[in-house]
Amino acid sequence: MIKLYTHLNEILTLAGAQLKDGRRLKAQDLSLIQDGAIVFDEAEIHWVGKTAELPEVYSKLPSLNLQEHVLTPEIVDSHSHIVFGGDRAQEYARRLNGVPYEQIAKEGGGILYTMKETNAARPDQLFQLAKERIERLHSLGVGTIEIKSGYGLNFHYEFELTQIIHRLKQHFAPKVQIFNTYLAAHDVPRDFESSAHYLDEVVLPLFDKVAGEGIIDAIDIFHEKNYFSTDDCQKLFSRAHALNIPIKIHADELNDNDGARLAVSFKALSADHLLKVSAAGIQALAESATVATLLPGTAFFLGKPLAPARQLLDAGAKVALASDFNPGSCHCDNLLLIASIAAPQLKLNQAELWAGITLNAAHALGLSQQGALIPGMKPRFALFKADSLAHITYHWGKNLAVKAE
Ligand SMILES: [Zn+2]
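Definitions and cut-offs
Counting starts from 1 at the beginning of each chain's written sequence and moves along it residue by residue. Side-chain atom pairs in this predicted model are given and counted only at pLDDT of 80 or more, local residue features only at pLDDT of at least 70, and totals for whole chains, interfaces and linings cover all residues. The basis for the side-chain values is all heavy atoms of the structure; hydrogens and waters are excluded. Segments assigned H or I by DSSP are reported as helices when at least four residues long, segments assigned E as strands when at least two residues long, and all are numbered from the N terminus. To get an axis, fit a line to the C-alpha atoms, keeping to the stretch in contact for a helix; angles then go from 0 to 180 degrees between the N-to-C directions. Should an angle fall under 35 degrees it is taken as roughly parallel, and over 145 as roughly antiparallel, whereas 65 to 115 is taken as roughly perpendicular and any remaining angle as oblique. For a crossing to be left-handed, the near helix must be turned anticlockwise from the far one by less than a right angle; the clockwise case is right-handed. Contact definition: two residues touch when any of their heavy atoms are within 4.5 Å. Salt bridges, as used here, are contacts in which a Lys or Arg side-chain nitrogen is within 4 Å of a carboxyl oxygen on Asp or Glu. Here is the rule: rings of Phe, Tyr and Trp (six-membered ring for Trp) pair when centre to centre is within 6.5 Å. Planes less than 30 degrees apart are stacked, more than 60 are edge-to-face, and the remainder are tilted. Exposure is judged per residue with a 1.4 Å probe applied to protein chains only, and the accessible area is read against the type maximum: over 50% gives exposed, under 20% gives buried, and values in between give partly exposed. Only when the NZ atom of a Lys or the CZ atom of an Arg is both within 6 Å of the ring centre and within 35 degrees of the ring normal do we say a charge sits over the ring.

So, on to unusual backbone geometry. Only a minority of non-glycine residues have a phi that is not negative, and only a minority of peptide bonds are not trans. Here the residue pair Ala 173 and Pro 174 is connected by a cis peptide bond, since its omega of -5° sits within 30 degrees of zero. Inspection of the secondary structure puts Pro 174 in the loop between α6 (155-172) and β8 (177-185). Here Asp 35, not a glycine, exhibits a phi torsion of approximately 45°, which is positive. With respect to the helices, strands and loops of the structure, Asp 35 is situated in strand β2 (residues 32-40).

Set out below in structure tokens:
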């Protein structure tokens, strides 16, 4: 059914950002329309412009007057770990009180602790917990969410997590789009002598199985010293190419491991974290289609220096922001809040901020038909009760997102 919204205070179209492929953006690339109207059906946007300039052919459509509101492309959270059991509040308190993370991890904390809690929960419980988290994200204006497995860490439980994400995807479509990323290579369980051994025994055989069932949208790996080596990544990525499954990577977070260049050499959708990315890595990203995904919430929560966003942007890289929502290093599900706080710290202009959580975040998931409100694109947008676009992030931490009807 064809629909018409009119008299929006502002529509953020990002038409300029779309033309520039999300790179080297200036404020005018927001391409804002005041007193805007939009015509769309389930499949695509037909027309966007000023209400006063609505073409005659659409003038008889039943319309919804949305004065006092702002319309933006829907927010895309392109990096999350939403399916998990238990929490790590005690670990957080210990970190605040001066215990180093290395010691916590040595004592069985960190990812391996969440693995135990997740594997102790039943699939229906994990589904229910994740469903409630996704509903909350949706209430904040998020319409597409990438979810990684990675707290199962053995053949049986990683398969179960991947199936739970698939169930969530079916449950929420089309209201919320879920992107299912297979991250069995998140950490190396203690019963394996090496990362290579775990890769051969679990990650690769299960990859073949879930890819064969057609239930995953991408693979990911934690490329880091004491986790997975460059050799491990190359092995996994080669298999991904053979199976025609897109690649994402946790890259250059704790050390410069040349992860950005590795990602680019395998035409990854995105390289994520990048706190320690080298100048060569920045250059490689800038010359590629691989999105540089920054997760400033994690750096905030761990008290670490932020990623070199300005260098990436000025070099011409496509930069996205994501939440990294997880029980350990970033227990925050509110990407818009993270972006509001991060923008002044990372020195982002308003177009870079908004493209980072919409257009470029969609590209980080290979979704080229959303992220800008222009004719022909998918009608995936978020509505806010706000006087202007600026009010949405100016009032940081207050949720202004509303439903259209
Ligand atoms: Zn992550």
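So, next bit.
Let's shift gears to the packing of helix α13 (residues 335-346) against helix α14 (residues 350-357). At a minimum axis separation of 11 Å, α13 and α14 run at an interaxial angle of 150°. With respect to their mutual orientation, α13 and α14 come out roughly antiparallel. Judged by the sense of rotation from one axis to the other, the crossing of α13 with α14 is right-handed. Residue-level inspection shows Leu 335, Leu 336, Ala 339 and Ala 343 of α13 in contact with α14, the latter providing Leu 353, Trp 354 and Ile 357.

Below, the discussion takes up the pattern of salt bridges. Counted under the stated rule, the structure contains 19 salt bridges. Glu 68 is the partner of Lys 385 in a salt bridge, and the nearest nitrogen-oxygen pair spans 3.2 Å. Here Glu 68 lies in the loop between β4 (63-65) and β5 (69-73) and Lys 385 lies in strand β14 (residues 381-385), a separation of 317 residues in the sequence. Taken together, the shared-partner salt bridges in this structure form one network comprising Asp 21, Arg 23 and Lys 318.

On to the packing of aromatic side chains. Taken as a whole and judged by the stated rule, the model has 11 aromatic pairs. Their ring planes at 75° and their centres at 5.0 Å tell us that Tyr 5 and Phe 40 sit as a pair that is edge-to-face. Of the two residues, Tyr 5 is situated in strand β1 (residues 3-12) and Phe 40 in strand β2; the sequence distance between them amounts to 35 residues. Looking at Tyr 5, the relative accessible area reads 4%, which means it is buried. Judged by centre distance (4.5 Å) and plane angle (70°), the ring pair of Phe 222 and Tyr 227 falls under edge-to-face. Looking at Tyr 227, the relative accessible area reads 18%, which means it is buried. One aromatic cluster is present, built from ring pairs that chain together Tyr 5, Phe 40 and Phe 381. It is Arg 133 that lies over the ring of Phe 84; its NZ or CZ is 3.7 Å from the centre. It is Arg 167 that lies over the ring of Phe 127; its NZ or CZ is 4.0 Å from the centre.

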